[in-house]
Amino acid sequence: MAEENKDETYDVIVIGSGLSGLFSALLLARAGKKVCVLEKNQQYGGNLQTFKRNHILFDTGVHYVGSLSEGQVLYEYFKEVGIMQDLSLERLDLNGYDRICFGDTPDVMYPHAQGYENFVKQLLIYFPEERKALE
Ligand SMILES: Cc1cc2nc3c(=O)[nH]c(=O)nc-3n(C[C@H](O)[C@H](O)[C@H](O)COP(=O)(O)OP(=O)(O)OC[C@H]3O[C@@H](n4cnc5c(N)ncnc54)[C@H](O)[C@@H]3O)c2cc1C
């Protein structure tokens, strides 16, 4: 994956080209370091990527991303690496960005809500006796 580098010396070797490796490499390069990213797979991106096996597409890792409101962690990172303005974002359901069900009660969908207080509030509907545990 490395570009040809005649003297083949680097200040930093980053092993793995997932989000962490790419962010680190970019920030180090911006700080003037000569960086080489090594990736063992055929495509870079780690869990940001999909892959195909027997013509079936597997959606491996990242499906949604949190902490993207102004001032929150990923907002700051994405702004720092210069991609924030290029993203078209849509906020997921505040009362249930994920819904989880179990095999024995497939019709009941337990919501994962956004925000600490709302997370408790939404699950209390299903587990009214469990306030202490949820909190
Ligand atoms: C099923 C699943 C669903 C997820 N869903 C979400 C989600 O919806 N939202 C979210 O924010 N996060 C989600 N995550 C978490 C998110 O994918 C990870 O936090 C993030 O992608 C991790 O990035 P990373 O760079 O640390 O690691 P990775 O993306 O795993 O990248 C590591 C890279 O290192 C390479 N590598 C490993 N060993 C070597 C080696 N010896 N030499 C060279 N290369 C090597 C790997 O091939 C890979 O490309 C999910 C994770 C999984 C597994």
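Residues numbered from 1 in each chain as written. Predicted model: local features only at pLDDT ≥ 70, side-chain atom pairs only at ≥ 80, totals over all residues. Heavy atoms only, no water.

### Examining the overall build of the chain
In terms of helices and strands, the chain carries four helices and six strands. When the helices and strands of the chain are placed in sequence order, the string is β-α-β-β-β-α-β-β-α-α. For a compact globule of 135 residues, the expected C-alpha radius of gyration is about 14 Å, and the chain comes in at 21 Å, more than 25% above that figure. Oriented by its inertia axes, the alpha-carbon framework of the chain measures out at about 65 × 40 × 30 Å. In the chain, which comprises 135 residues, the proportion classed as buried is 19%. Taking contacts inside the chain between residues at least 6 apart in sequence as the whole, the part at least 24 apart equals 26%. Counting only carbon and sulfur atoms, one obtains 52% of the accessible surface of the chain, whose full area is about 10,800 Å². Here the chain holds 13 positive side-chain charges and 20 negative ones, and the gap between their average locations is 3 Å. (Helix = DSSP H or I, 4+ residues; strand = E, 2+ residues; numbered from the N terminus. Rg over C-alpha atoms; globule rule 2.2 N^0.38 Å. Buried < 20%, exposed > 50% of the residue type's maximum accessible area, 1.4 Å probe, protein only. Contact = heavy atoms within 4.5 Å. Areas by Shrake-Rupley, 256 points an atom, 1.4 Å probe, with all protein chains shown as cover. Lys, Arg positive; Asp, Glu negative; His and termini not counted. Charge placed at Lys NZ, Arg CZ, Asp CG, Glu CD.)

### Some remarks on the domain arrangement of the chain
As assigned here, the chain comprises domain 1 (12-86) and domain 2 (98-134). Each of domain 1 and domain 2 was reduced to a C-alpha centroid, and the two centroids are 31 Å apart. (Domains from an automatic or database assignment.)

### Considering the site of the ligand
As a matter of local geometry, the ligand sits amid 17 residues, with Ser20, Glu39, Asn47, His63 and Tyr64 nearest to it. Note that an oxygen atom of the ligand is positioned 2.6 Å from one of the side-chain N or O atoms of Glu39. Backbone polar atom of Asn47 to an oxygen atom of the ligand: 2.8 Å apart, as the coordinates give it. Here the ligand has 1,000 Å² of accessible area as a free molecule, and 56% of this is covered by the chains. When grouped by side-chain class, the residues that make up the shell around the ligand number five nonpolar, 10 polar and two charged. (Near = heavy atom within 4 Å. Polar contact = N/O pair within 3.5 Å; in protein donor to acceptor, adjacent residues only side chain to side chain. Nonpolar A, V, L, I, M, F, W, Y, C, P; charged D, E, K, R; others polar.)

### Comments concerning the side chain of Glu39
One can find Glu39 in the loop between β2 (35-38) and β3 (50-53). Despite its burial, Glu39 pairs with no opposite charge, the nearest such side chain being Lys40 at 5.4 Å. A distance of 2.8 Å separates polar atoms of two side chains, one belonging to Glu39 and the other to Ser17. There is a polar contact of 2.8 Å between the side chain of Glu39 and the backbone nitrogen of Asn41. (Salt bridge = Lys/Arg side-chain N within 4 Å of Asp/Glu carboxyl O.)

### Observations concerning the layout of surface pockets
Size it by volume and the largest pocket reaches roughly 580 Å³. In this structure, the largest pocket is lined by 16 residues; those nearest its centre are Val65, Gly66, Ser67, Leu68 and Gln114. Tallied by class, residues from the lining of the largest pocket come to six nonpolar, eight polar and two charged. A volume near 210 Å³ is recorded for the second largest pocket. Around the second largest pocket, the lining residues are Glu39, Lys40, Asn41, Gln42, Gln43, Gly46, Gln49, Thr50, Phe51 and Thr60. Residue classes in the lining of the second largest pocket are distributed as one nonpolar, seven polar and two charged. (1 Å grid on protein atoms, 1.4 Å probe; cavity = no way out; pocket = protein on both sides within 12 Å on 5 of 7 lines; lining within 4 Å. Points joined across faces, edges and corners; volume = space filled by probe spheres on them.)

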